[in-house]
Amino acid sequence: MSHTISLIGYGEAGSTFARAGGWGEAADGAGGNARAGVWDLRPERLALAAQDGLMVAANAQEAMAGREMVLSLVTADSALPAAQEYAAFLPKGAIWADCNSVAPGTKREAAAAVEAAGGCYVDVAVLAPVDPARLNVPLLLAGREAGRAEALLREAGFANIRIVGDEVGRASAIKMIRSVMVKGVEALTAEMMLAAQEAGVVDEVLSSLDASEKAWPWAKRAAYNIERMVTHGVRRAAEMEESAKTLTGLGIEPMMTNGTVLRQREMAGRTERLIEGKE
């Protein structure tokens, strides 16, 4: 039931979850604590939460009072300060579910603050955009109280949850490392398309990529890519230096391409143990 939850932060994620789960509806018909509570530093977001029927608090302490779980849905740079500042207001034994996209070390620091104040900390990784997935968005949970957090999240309407361990930071590590590829491909795509447009070869470049694309699972793809760098990294680094020159000549700063030069050269000659995850 939504009365067990409060939200710290009512941006895109918080408002999407609340609307999808009907957290602003009074389950007992009486309002008040039957609705999810919310606190946000921005008045316009509190006004939006009020429109959505949530219990808008005057401060974080009021929002968290009597709740079994608090979802921290703030910006990445505010995740640790929020945990440190609000830990004292968390009811004893209640769960601080840190859903923010931050490094494992940051989550461990936040956990220390929450647990020192008598609360329970759970590392939550949100693995996809909340819109359109809403309450079907994949969630990874880590921490000693992950099982209890899963039960509360499912009660609130979340449907796609997996516990990945007891160690705080494990869920975040999966998300952050995965983002190296996901966001990196986005950045590489932008760099490629800027150059292709400038050179007038967009269709040809994209058609060439379509022709060479292999429909492999990522385990096989990763092993293949690493083997190519280990075996041919020196030569490939030299080739990518020429690609960087090509982009520079087109007036496109080769930020990602220069990084590729460095990584290819660094990987050259490394052993196969890296592919097996033992290095």
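Residues numbered from 1 in each chain as written. Predicted model: local features only at pLDDT ≥ 70, side-chain atom pairs only at ≥ 80, totals over all residues. Heavy atoms only, no water.

Asker: Give a description of the sheet that holds strand β4 (residues 69-72) that names residues and reports values.
Answerer: The strand order across the open sheet built from 8 strands is β3-β2-β1-β4-β5-β6-β7-β8, with neighbouring strands paired in mixed fashion. Two strands close off the open sheet at either side, each with one partner strand: β3 (55-56) and β8 (161-165). Pairing of strand β5 (residues 95-98) with strand β6 (residues 120-126), which is carried by 4 bridges, proceeds in the parallel orientation. Bridge pairing in β6 links D98 to D123. Along the sheet face, helix α4 (residues 79-86) touches β1 (5-8), β2 (37-39) and β5 and points at about 170 degrees away from the line of β5. (Pairing = 2+ DSSP bridges. Helix = DSSP H or I, 4+ residues; strand = E, 2+ residues; numbered from the N terminus. Contact = heavy atoms within 4.5 Å. Axes fitted to C-alpha atoms, helices over the stretch in contact; angles between N-to-C directions.)

Asker: Before we move on, can you summarise the pattern of salt bridges with the specific residues and values?
Answerer: Tallying each qualifying case throughout the model produces 14 salt bridges. Close ionic contact of K107 with D123 constitutes a salt bridge, the shortest N to O distance being 2.8 Å. In this pair, K107 is assigned in helix α5 (residues 104-116) and D123 in strand β6, connecting sequence segments 16 residues apart. Judged by relative accessible area, which is 1%, K107 ranks as buried. Residue classification places D123 among the buried residues on the basis of a relative accessible area of 0%. Residues E239 and R235 are paired through a salt bridge, measuring 2.8 Å at the closest nitrogen-oxygen approach. Of the two residues, E239 and R235 are both situated in helix α10 (residues 218-249); the distance of 4 residues between them amounts to about one turn of the helix. For R235, a relative accessible area of 44% gives the class partly exposed. (Salt bridge = Lys/Arg side-chain N within 4 Å of Asp/Glu carboxyl O. Buried < 20%, exposed > 50% of the residue type's maximum accessible area, 1.4 Å probe, protein only.)

Just geometry here; none of it tells us what the structure is for.
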